[in-house]
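Structural features, examined
For reference, the chains in residue letters:
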Amino acid sequence: MKFMVLHGPNLNLLGTREPGIYGNQTLEDINDSLRELSVELGCELVFFQSNSEGELIDTIQSAAQNCHGILINPAAYTHTSIAIRDALSAVGLPSVEVHLSNIHHRETFRHTSMIAPVAIGQICGFGSYSYLLGLRALFNFVKNK
Ligand code: CA2
């Protein structure tokens, strides 16, 4: 089983700014802990981060060729991107939306997700552990499909 892990805009800055909201871990630390979990689960991961909506969409489309699911933190595009939602819907792969922060505890504009209606589910508020919970949930969903 192979999963695409997608990180949206500004997540490349993790660990360098705003540790109070997003923690001290870098994106590479998060990817490393996902790699570790993938060994335990026995699945393969492909990682991609972009600050560009178009690149994220191209990568979602390419996942249809060789992946069984998508783990995605769309970052700020969560709240705005009908295009990313349409891409996820079009490829038809199961996806799990994850967030470091609890978006429902924050500004009202973060309470709405364009992505959640086309994802299996959303996990937020557990810091980097949201990604690990998300991968477990995605793996379990695909395994039992
Ligand atoms: O909590 C999350 O994971 C978010 O997806 C993070 C996004 C935010 O727009 C979403 O509402 C919730 C922001 C990512 C920005 O990451 C930064 C990391 C370090 C420093 C500054 C920004």
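Predicted model, so just to flag it, every value in this text is computed and none were measured.

Let us now look at the state of the cysteines. In this structure the tally under the stated criterion is 0 disulfides. With no disulfide of its own, Cys43 lies 11 Å from the sulfur of Cys67, the closest cysteine sulfur. Accessibility expressed as a relative area gives 6% for Cys67, which makes it buried.

Our next topic: the site of the ligand. Near the ligand you find 17 residues, and of these Asn73, His79, His99, Leu100 and Ser101 are the closest. With respect to the ligand, the side chain of His99 contributes an N or O atom lying 2.8 Å from an oxygen atom. Between Arg110 and the ligand, the recorded distance is 2.9 Å, taken from a side-chain N or O atom to an oxygen atom. Isolated, the ligand exposes 510 Å² of accessible area, and the fraction of that covered by the protein chains is 94%. More than half of the atoms of the ligand fall within 2 Å of the grid points belonging to the largest pocket. For the shell around the ligand, a count of residues per class yields 9 nonpolar, 5 polar and 3 charged.

Cut-off values and rules
Residues numbered from 1 in each chain as written. Predicted model: local features only at pLDDT ≥ 70, side-chain atom pairs only at ≥ 80, totals over all residues. Heavy atoms only, no water. Disulfide = S-S within 2.5 Å. Buried < 20%, exposed > 50% of the residue type's maximum accessible area, 1.4 Å probe, protein only. Near = heavy atom within 4 Å. Polar contact = N/O pair within 3.5 Å; in protein donor to acceptor, adjacent residues only side chain to side chain. Areas by Shrake-Rupley, 256 points an atom, 1.4 Å probe, with all protein chains shown as cover. 1 Å grid on protein atoms, 1.4 Å probe; cavity = no way out; pocket = protein on both sides within 12 Å on 5 of 7 lines; lining within 4 Å. Sits in = over half its atoms within 2 Å of the grid points. Nonpolar A, V, L, I, M, F, W, Y, C, P; charged D, E, K, R; others polar.

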